[in-house]
Amino acid sequence: MAQERIGLEDLKDAVEGTAPETPVSTEDAVLPEPKIDQNGRAYATGKRKNAIARVWIKPGSGNVTVNGRDVERFFARPVLRMIINQPFEVAGRAGQYDVICTVSGGGLSGQAGAVRHGISRALTYYEPALRPVLKKGGFLTRDARVVERKKYGRRKARRSFQFSKR
């Protein structure tokens, strides 16, 4: 196997941009196949803090059901409902998909974050072309921040007992 040696002139041409380049077209990029079950739904799992959400999406009128209840009843605060709808708004698919999810563990804020993560992943499984948009928005990254554990000899994770000089 003979390797081609690159000289200083070749490097200079490459830096200046005069070296011949191989054209890369976006039309040749192959997208992965959509992962859709026999019922026409895409499934994904979302996680945030201690909350885990199982999410199914399918084309519909935009209904969101969480643990068998409507999203307005389950997440009463508007901020939590806004968090859930963020992936649809960024992808430009607001009101086009029905969402059915079951969520357990954690508090309401963590559960809303888990549902958002699950919706984002399910959207990429249903429409793989949406992955760059959702990835750029940071919706596909699992937020790994969790509560720090309590240490022995301390009152909380970092708080010490009050020091008494006398």
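If you're wondering where the values come from, they're calculated on a predicted model, not measured in any experiment.

Scoring rules and cut-offs
Residues numbered from 1 in each chain as written. Predicted model: local features only at pLDDT ≥ 70, side-chain atom pairs only at ≥ 80, totals over all residues. Heavy atoms only, no water. Helix = DSSP H or I, 4+ residues; strand = E, 2+ residues; numbered from the N terminus. Expected span 1.5 Å × (residues − 1). Buried < 20%, exposed > 50% of the residue type's maximum accessible area, 1.4 Å probe, protein only. Phe/Tyr/Trp six-rings, centres within 6.5 Å; stacked < 30°, edge-to-face > 60°. Salt bridge = Lys/Arg side-chain N within 4 Å of Asp/Glu carboxyl O.

Caption draft 1: Local environment of helix 4 (residues 108–126). Here helix 4 contains 19 residues, and its C-alpha end-to-end distance of 26 Å stays within 8% of the 27 Å for a straight helix at 1.5 Å per residue. Burial analysis of helix 4 places 14 of its 19 residues in the buried class, the great majority of the element.

Caption draft 2: Just the packing of aromatic side chains, in detail. Counted by the stated rule, this structure contains 4 aromatic pairs. Where phenylalanine 74 meets phenylalanine 75, the ring centres are 4.9 Å apart and the plane angle is 80°; that geometry is what we call edge-to-face. A centroid spacing of 6.3 Å and a plane angle of 20° characterise the contact between phenylalanine 88 and tyrosine 97, whose relative ring orientation is stacked. The residues phenylalanine 88 and tyrosine 97 share a single accessibility class, namely buried. Joined through ring pairs, the aromatic side chains of Phe88, Tyr97 and Tyr126 make up one cluster.

Caption draft 3: How the structure looks around the pattern of salt bridges. Applying the stated criterion to the full structure yields 6 salt bridges. A salt bridge links lysine 151 to glutamate 148; its shortest N-O distance comes to 2.7 Å. A salt bridge links glutamate 148 to arginine 158; its shortest N-O distance comes to 3.1 Å. Here arginine 158 lies in the segment after helix 5 (131–137) and glutamate 148 lies in the segment after helix 5, a separation of 10 residues in the sequence. The exposed category is assigned to arginine 158, whose relative accessible area is 64%. Each member of the salt-bridge network shares a partner with another, and the members are Arg48, Asp143 and Arg145.

Function-wise, these values are silent; they only describe arrangement.
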